Every structure is written in C-alpha cells, then in structure tokens.
Amino acid sequence: MPAYHSSYNAVENVRIINGIPLLPLLTKTRGPAPYADPTMTRDAVDEALELFRPNSFFKNFEIKGDGDRLLIYIILFISQSLNKLKPTTTAGEATKTLYSLAVSNVVIPADASFPLHAMYPAVGDRVESDMLRQYLQQVRQEVATRLVGILYTENGQATAAPSKWWMSFQKRHFMGKSLH
C-alpha cells in the first residue's frame, strides 16, 4: 500500500524555497505565509494532521512534488511534538510546551542536522534561508496550536488528558526519522 501524498504537489504560482512551497495558511499567527483565500477551508497544516497517523506506518516515501516536502517536514514536527508530551500533561501545559518547541531551534531542510536534508534542494542565499526559517516557524506555531485542540478533544468534548489514540504514535517515526 502506498503512502498518502500531498494534494499541494501541483500548486502553481507559489514561491518555493529549498523545495518547500510557501503556501497560504489559515492562521492568525504573524509571519511570511501568504494570506489565505477567505473561501479556503483547509490548508497544508490540516492535511498534515490528517495524514500524520496513516503515514507514520511507512518506512519509505516517494516524493512526488514540493507539497510532499512540506508534508514531510510537518509530519516530523508533529512526531517531535508528541514526544514532548506525557499522558499526564494538561492542555495548558501542552500549549506552553508545544509553543516553546515551535519557536525554538527551527531547523530548515538545508541544515546538516535535518534528518532528510539530502532529499531537499539547496537554499539560494541567506535571505531565502531566513525567509524559509520564518515560514516554517509560523507553520510550527500553527501546528502546535491545532495539535493541542485535537489532542484534548474527544467526541466534541474537552478532555483533561491527551487522546490515547494520538499519544500511541509517540514511538512511531515517519520513515524511521525524527527531528531533534
């Protein structure tokens, strides 16, 4: 069974840095992401949150476009985020923990410490590198915000502990890789 790929692989008229498209986000977080169309109901973060669990089972992933590169980055960040939480972490503590993770040490695929840096093209210059770092920080902040909402909601009701169905993916690593 093949892995699930991004629906943003064929998107045109989007700036691409280091093989990552700077897609519009449905967010209130300030950053370089383009403004989302008001009719847009889903973005790359929603897609990554939906595809995280099924794609976590795959050890191989064929990149079919630039949208897949962004999907890989977000999936690795979701995995790192889940590993920072404990089953006893409250929603307030999770919000603080994941926000600090999102804004600290943003690794871009061009960095040697990124686990799959060979799968991404090189960055043009320092300006592009800084722009990508800011965009990925904005994406990480949005993922952290939405992930807390998903983890601490079950059947439309707020819960005191994170979802065991999500926390069971703490030990799973997409393609056997993880961000540090």
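Structural data are supplied above this passage.
Read on for a plain summary of the structure.

About the cut-offs
Every chain is numbered independently, its residues counted from 1 as its sequence is written. It should be noted that, the model being predicted, local features are given only for residues of pLDDT at least 70 and side-chain atom pairs only at 80 or more, the latter also being counted only at that level, while totals for whole chains, interfaces and linings use all residues. Side-chain descriptors were evaluated using all non-hydrogen atoms of the structure, hydrogens and water having been removed beforehand. Ring pairs shown here join Phe, Tyr and Trp side chains whose ring centres sit within 6.5 Å, with only the six-membered ring taken for Trp; geometry is labelled stacked below 30 degrees between planes, edge-to-face above 60, and tilted in between. Here a helix means four or more residues in a row that DSSP labels H or I, a strand means two or more in a row labelled E, and each is numbered from the N terminus. Burial classes follow relative accessibility: with a 1.4 Å probe on protein chains only, a residue under 20% of its type's maximum area counts as buried, one over 50% as exposed, and anything between as partly exposed. The set of buried Ala, Val, Leu, Ile, Met, Phe, Trp, Tyr and Cys residues whose side-chain atoms join them within 4.5 Å is what this entry labels a nonpolar core. What makes two residues a contact is simply this: any of their non-hydrogen atoms within 4.5 Å. For this analysis, a salt bridge means a side-chain nitrogen from Lys or Arg found within 4 Å of a carboxyl oxygen belonging to Asp or Glu.

**A look at the packing of aromatic side chains**
Here comes step 1: As enumerated under the stated definition, the model contains five aromatic pairs in all.
Here comes step 2: Look at Y73 and F114: their rings are 5.7 Å apart centre to centre, the planes differ by 10°, and that puts the pair in the stacked class. Residue Y73 is found in helix 2 (residues 66-84), and its partner F114 is found in the loop between helix 3 (91-103) and helix 4 (126-151); the two are separated by 41 residues along the sequence.
Here comes step 3: We classify Y73 as buried; its relative accessible area is 0%.
Here comes step 4: Among the residues examined, F114 registers a relative accessible area of 1% and is labelled buried.
Here comes step 5: A connected cluster of aromatic rings, assembled from ring pairs, spans F52, F57, W166 and F169.

**Some points on the nonpolar core**
Here comes step 1: Residues I78, L82, Y135 and L136 are the most contacted members of the largest nonpolar core, which totals 53 residues.
Here comes step 2: Counting residues per element, the ones that place at least two in this core are helix 1 (44-55), helix 2, helix 3, helix 4 and helix 5 (164-167).
Here comes step 3: The residues contacting L136, other than those within four sequence positions of it, are I20, L70, Y73, V106, V107, I108 and P109.

**A look at the pattern of salt bridges**
Here comes step 1: Tallying each qualifying case throughout the model produces seven salt bridges.
Here comes step 2: For R146, the salt bridge identified is with E142, shortest N-O distance 2.8 Å. One end of the pair, R146, and the other, E142, are both in helix 4, four residues apart, so they sit about a helical turn from each other. Neither R146 nor E142 differs from the other in exposure class; each is buried.
Here comes step 3: Three or more residues joined by partner-sharing salt bridges are found here, namely D43, D46, E142 and R146.

Any functional reading would require information beyond the geometric quantities listed.
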